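# Structural overview for review
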Amino acid sequence: MTDTSLIRNFSIIAHIDHGKSTLSDRLIQLTGGLTTREMKEQILDSMDIERERGITIKAQTVRLDYKHTDGKTYQLNLMDTPGHVDFAYEVSRSLAACEGAILVVDASQGVEAQTLANVYTALDNDLEILPVLNKVDLPAADVDRVKEQIEDVIGLDASDAIPISAKTGVNVEAVLAAVVERLPAPEGDATKPLKAMLVDSWYDAYLGVIVLVRVIEGTMKKGQKIRLMSTGAVHPIERVGVFRPKQEMLDQLGPGEIGFFTAAIKEVADTRVGDTITDDKRPCAEPLPGFKPAQPVVFCGLFPVDAADFEDLRDAMGRLRLNDASFSFEAESSAALGFGFRCGFLGLLHLEIITERLEREFNLDLITTAPSVVYQIHMTDGTMIEMHNPADMPDPVRIDRLEEPWISATIMVPDEYLGSVLKLCQDRRGRQKNLTYAGSRAMLVYELPLNEVVFDFYDRLKSVSKGYASFDYQMIGYEEGDLVKMSILVNAEPVDALSIIVHRSRAESRGRVMCEKLKDLIPPHMFQIPVQAAIGGRIIARETIRALRKDVIAKCYGGDITRKRKLLEKQKAGKKKMRQFGKVEIPQEAFIAALKMDEN
Amino acid sequence: MAVSSQSPVRSKPLMPSPAPPEALTVSDSSEPGFAVYVHWPFCAQKCPYCDFNSHVRSDGWDEKRFLAAYLRELDHTAAQIGSRSVASVFFGGGTPSLMQPQTLGTIIEHIDHVWGLASCAEITLEANPGSVDAGRFSGYRSAGANRVSLGFQSLRDPDLKRLGRIHTSREALAALDIARANFERISFDLIYARPQQTCDDWRTELSEALALGPTHLSLYQLTIEPGTAYEKLYNAGKLSVPPAEAASDLFELTQELTKASGLAAYETSNHANPGEESRHNLVYWRYGEYAGIGPGAHGRVLSNGERLATATERHPETWLAQVEASNHGVITQESISDAEAADEMLMMGLRLTEGLDLARLARICGVRPNPETLRQLIGLGVIERDENAGRVRAVGRGRFILNEIVLHLSRSFVPVRFP
């Protein structure tokens, strides 16, 4: 057990691509955590998707031994936190497990919206912030300007900010020294009852569920019976250890230390991020504040393209849920798409990651239906129901009012794109709350209905700002809205998987765009196909897919048969990826593509 | 230019020749028979739209050696599949009218020797309608050919030039006269939907062609094929062909004009007076059996109860060397499953105006289209079912959208259970 004065717990806050992972790798390398030969780039992001996308989904820690110039050896616990708004709660718990944070800002790019949100979360958790300016080796680096921006935008003293290049290694030693000198040591009494925070957990094929913890008070030992306070579940600890980044088993973890334990816990769902872990026999009086169970905010339907894959999809989702308790699913059936699942996610990135993993790791072909937020429907009889699926919309005569979730969004954008971003926010029913400048960058705060953001707002924002805008949001609550269910009829038959909830003022333009899109997405058939958007019985938009005119090939003789037959086989395989609605076949990609709004 | 090649040709006595083919009626199709396709790969010049296996040899070729190789490949194929009665031989290319008549004659004699030509066998030669080639027509007739297919492509000189053809329209009409003096059965080809061609242009040109009194016509829509000079031009934006809608209009116009002249389509791109259909091509479309001889020739043959798809080496000299080394030029030989055969028979059969023989499909491939799918397609007016003849055929606008119909029928195939 290490004296708390020799421990420093810190995380690294950075925008994507500002160099968080490179700096982590450098720190591990400098303190001898791994030899150069063992270094694999971005060690902490171990999942394939994490590495490909440069994002962190699961929190990870690494313990470093650092010998300071004062002659003492310090235990540095580096916490790598998820970096995306979808995982805002997980981020807040990871940060709460630290006393300090290194704020990494790209010296050529400056502060971004995501950085800002995470810095505020860190400040809310009373963390000491150590600003570091990365990529000073780049010609475009402007240290003074970015320091000024940190002071203006975040209100943080940046005079002592350390200029580094994580890539070349310049000045990285100075970061380690500053961690010891400028970040506070944890406090905690080893003699008190055990009180530890559950930071994150994941499933390991050999060890079962591995639980990442920060010990606040008391000690955690092998063999000890611990209790998870939110559920009351009791487990005897099998192993206690730390990551360096390789697993190293220890006898115990003391106050201020970060490490892991295993205790024959079967499912990640049994461990909840932010929960308090205590000793079963000698529990602490109060749990830690700030715990809340994961709450999905975005829902969509996932259906196998081939109906025969339904059970495989169920198994695959079950296996992903082993490691991600924030993802929920329940069986659903659609008149159009057959059997599938209604799934809940923390946000859009989470949705994308899960669907991508299902397709890639489990080799499934999926139809994803329009993402929906959770609407609160207040009925005339005084009851309230939560609706995750437009198909479940009750009869409008029984509805008193509909409420939808709103968010507060922070957007940072170079001022030349401000006009387009303002227009985008206005078009999405946004309410401007604030507009400030830091140099040539504008910081916008907008309140927006989540249902306008949930689908393609982020893509649109990136496109209207040529990729320069950054975006973050938090939920602010529910508000009544004039919302209607818009149905899409293909060849006069409603396609339930295409119906959406939309604000009345936006229904006509959305309906028109969806019909236009479907006109291009559905290939011509042997007959003419009307595509209509309707609210109730009223048609608000219509397009017609003209009948196929001519596709016969001019020549076909003895030498052509094999080639033409192979073409036919390919076309037949392509048809298998379509869904039949009445007499019309709709390609699977149409379900999502139809919803994209190119507002040009 | 006035069209002057009217009738006297017809009244001339036929040249001495093998027995003239008897008229063939459509109902004879229950067994399409066995045909031999012979590919002659050389051309005087490569046409920019053509994706056939054709090669230009400025130093010529050793025709004796090639002839010997054709004979060896015939021997080999006959040994593999056994005895047959040959209903048709087709010399295609390339430009088979570059062959010496004697070469042609020797190949025909050898086919008769290894299998035996049916008494009414159709023996067709594709010919370039240039003056040099036409000079050999009587020789080809004496050598045993009884039908000639002339590659007119257009009746407009500027268009012929653009299509890379080496003949003029005047030569083509002269060649037609010479052909008529030598062969009873003659066909010629035209290509339409050419760059900048309008409906009016095509109406005039096709009317002129019909006024020549053909008994068989192949009318092809110009398509941009992979690997051709036209494809490169097209991709570079230097060649524009009529857009899909205009091409459909041209196709429709073609059907109208030919029908009005008694040359209604018997296949998507082929038109004939009743009884004048190309028997050879009917073997393909009725999914009969055919052997492919020569470089880049394809075959569908039955051997030891198996249906085989064969293809020979495309490059002429490589093919020659392979035949000299191992008696055949086959480079791929695959067994065709019943399901594959069903797709092929469907694809080919629906191109014919007579349609697809359902009884034969069931007998050979063990499948039939799902009755519900048939009912839907009939409801849409794109196919009809002839209960007496046991056939389905594409009708009306269905003839324009065969791909789509084939796709539906093929996906609907269900096994036939025989009682």
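Anything mentioned here points back to the structure above.
Scope of this entry: the structure provided in the associated data block. Everything numeric in this text was worked out from a predicted model, so none of it was measured.

Now for the overall build of chain B. Helix and strand content of chain B: 16 helices and 19 strands. Scaling as 2.2 N^0.38, a compact globule of 419 residues should have a C-alpha radius of gyration of about 22 Å, and chain B matches this with 21 Å. Over its C-alpha atoms, taken along the principal directions, chain B stretches across nearly 60 × 55 × 50 Å. Sequence-distant contacts in chain B: of pairs separated by 6 or more residues, those separated by 24 or more amount to 73%. Of the roughly 17100 Å² that chain B leaves accessible, carbon and sulfur atoms contribute 53%.

Take the nonpolar core next. Counting 200 residues, the largest nonpolar core has V36, F91, I107, W115, L150 and F152 of chain B as its most contacted members. The element that contributes the greatest number of residues to this core is helix α2 (residues 63–81) of chain B, accounting for 8 residues. When near neighbours in sequence (up to four residues on either side) are disregarded, V36 of chain B contacts L74, V86, S88, V89, F90, I111, W115, H280, A291 and I293 of chain B. Listed in part, the 38 residues of the second largest apolar core include V91, A113, V119 and L133 of chain A.

A word on the sheet that holds strand β15 (residues 356–357) of chain B. Backbone-to-backbone hydrogen bonds join strands into a sheet, with any given pair of strands oriented parallel or antiparallel. Residue and element names in this part refer to chain B. Taken in spatial order, the 3 strands line up as β15-β18-β17 in an open sheet, and their pairing is antiparallel. Strands with a single pairing partner mark the edges of an open sheet, and in this sheet they are β15 and β17 (383–386). For β15 and strand β18 (residues 391–394), the ladder comprises 2 bridges, and the chain directions are antiparallel. In the strand pairing of β18, L356 is matched with V392.

Every contact between the two is made by 45 residues of chain B and, on the other side, 29 residues of chain A. Taken over both partners, the interface formed by chain B and chain A buries close to 3500 Å², and the fraction arising from carbon and sulfur atoms is 56%. Sorting the residues of chain B by area buried against chain A places N403, L407 and R411 of chain B first, and these three jointly supply 16% of that buried surface. Viewed at the interface, chain A and chain B are joined by 8 salt bridges.

Residues and elements named next belong to chain A. Among the surface-exposed residues, D144, E148, E151, D152, D157 and D160 lie close enough to one another that they form a single negatively charged patch. Note that D157 resides in the loop between α5 (143–154) and β6 (162–163). Residue class for D157 comes out exposed when judged on its relative accessible area of 54%.

Here we take up the pattern of salt bridges. For the structure on display, the rule yields 57 salt bridges over all chains. E404 of chain A is paired through a salt bridge with R429 of chain A; the nearest N and O atoms lie 2.8 Å apart. Residue E404 of chain A is found in strand β23 (residues 399–414), and its partner R429 of chain A is found in the loop between α9 (418–427) and β24 (431–438); the two are separated by 25 residues along the sequence. In this structure, E324 of chain B and R65 of chain B form a salt bridge, with 2.9 Å as the shortest nitrogen-oxygen distance. Taken together, the residues E324 of chain B in helix α12 (residues 316–326) and R65 of chain B in helix α2 connect sequence positions 259 residues apart. Residues participating in the shared-partner salt-bridge network are R565 and E569 of chain A together with R300, E340 and E344 of chain B.

Structurally, the position occupied by H68 of chain A is in the loop between β2 (60–67) and β3 (73–80). Excluding residues that lie within four positions of it along the chain, H68 of chain A makes contacts with Y74, A177, V180 and E181 of chain A.

Residue and element names in this part refer to chain A. What the 6 strands build is an open sheet, ordered β2-β3-β1-β4-β5-β6; its pairing is mixed. Pairing within the sheet leaves two strands with one partner each, and these edge strands are β2 and β6. Inspection of the sheet shows strand β4 (residues 100–106) paired to strand β5 (residues 128–134) by 7 bridges, in the parallel sense. Bridge pairing in β5 places L103 opposite P131.

This part takes up the packing of aromatic side chains. Aromatic ring pairs are reported here in terms of the distance separating the ring centres and the angle at which the planes meet. On inspection of all chains with the given rule, the structure shows 31 aromatic pairs over all chains. Look at F471 of chain A and Y473 of chain A: their rings are 5.7 Å apart centre to centre, the planes differ by 40°, and that puts the pair in the tilted class. Judged by its relative accessible area of 15%, Y473 of chain A is buried. Centroid distance F42 of chain B to W61 of chain B: 4.4 Å. Interplanar angle 5°. Geometry classified as stacked. Of this pair, F42 of chain B sits in strand β2 (residues 42–43) while W61 of chain B sits in the loop between β3 (55–56) and α2; the two residues are 19 residues apart in sequence, bridging distant segments of the chain. Looking at F42 of chain B, the relative accessible area reads 0%, which means it is buried. Classification of W61 of chain B by relative accessible area gives partly exposed; the value is 24%. Every member of this aromatic cluster is reached through a ring pair, and the members are F310, F327, F329, F339, F341 and F345 of chain A. Over the aromatic face of F527 of chain A sits the side chain of K583 of chain A, whose NZ or CZ is 4.6 Å from the ring centroid. Positioned over the ring face of F34 of chain B is R84 of chain B, at 5.7 Å from the centre of the ring.

In this section: unusual backbone geometry. Between G93 of chain B and the following residue, G94 of chain B, the backbone shows a cis peptide bond with an omega angle of 15°. In this fold, G94 of chain B is placed in the loop between β4 (86–93) and α3 (101–114). Positive phi values are uncommon outside glycine, yet K135 of chain A reaches one of about 60°. Among the residues examined, K135 of chain A registers a relative accessible area of 22% and is labelled partly exposed. Phi angles above zero are rare outside glycine, and N327 of chain B is one such case at about 70°. Within the secondary structure layout, N327 of chain B lies in the loop between α12 and β14 (330–335).

Scoring rules and cut-offs
- Residues numbered from 1 in each chain as written.
- Chains lettered and ligands numbered in written order.
- Predicted model: local features only at pLDDT ≥ 70, side-chain atom pairs only at ≥ 80, totals over all residues.
- Heavy atoms only, no water.
- Helix = DSSP H or I, 4+ residues; strand = E, 2+ residues; numbered from the N terminus.
- Rg over C-alpha atoms; globule rule 2.2 N^0.38 Å.
- Contact = heavy atoms within 4.5 Å.
- Areas by Shrake-Rupley, 256 points an atom, 1.4 Å probe, with all protein chains shown as cover.
- Core = buried A, V, L, I, M, F, W, Y, C linked by side-chain atoms within 4.5 Å.
- Buried < 20%, exposed > 50% of the residue type's maximum accessible area, 1.4 Å probe, protein only.
- Pairing = 2+ DSSP bridges.
- Buried area = accessible area lost by both parts, 1.4 Å probe.
- Salt bridge = Lys/Arg side-chain N within 4 Å of Asp/Glu carboxyl O.
- Patch = residues over 30% accessible without salt bridge, like charges linked within 9 Å, V, L, I, M, F, W, Y side chains within 5 Å.
- Lys, Arg positive; Asp, Glu negative; His and termini not counted.
- Charge placed at Lys NZ, Arg CZ, Asp CG, Glu CD.
- Phe/Tyr/Trp six-rings, centres within 6.5 Å; stacked < 30°, edge-to-face > 60°.
- Lys NZ or Arg CZ within 6 Å of the ring centre and 35° of its normal.

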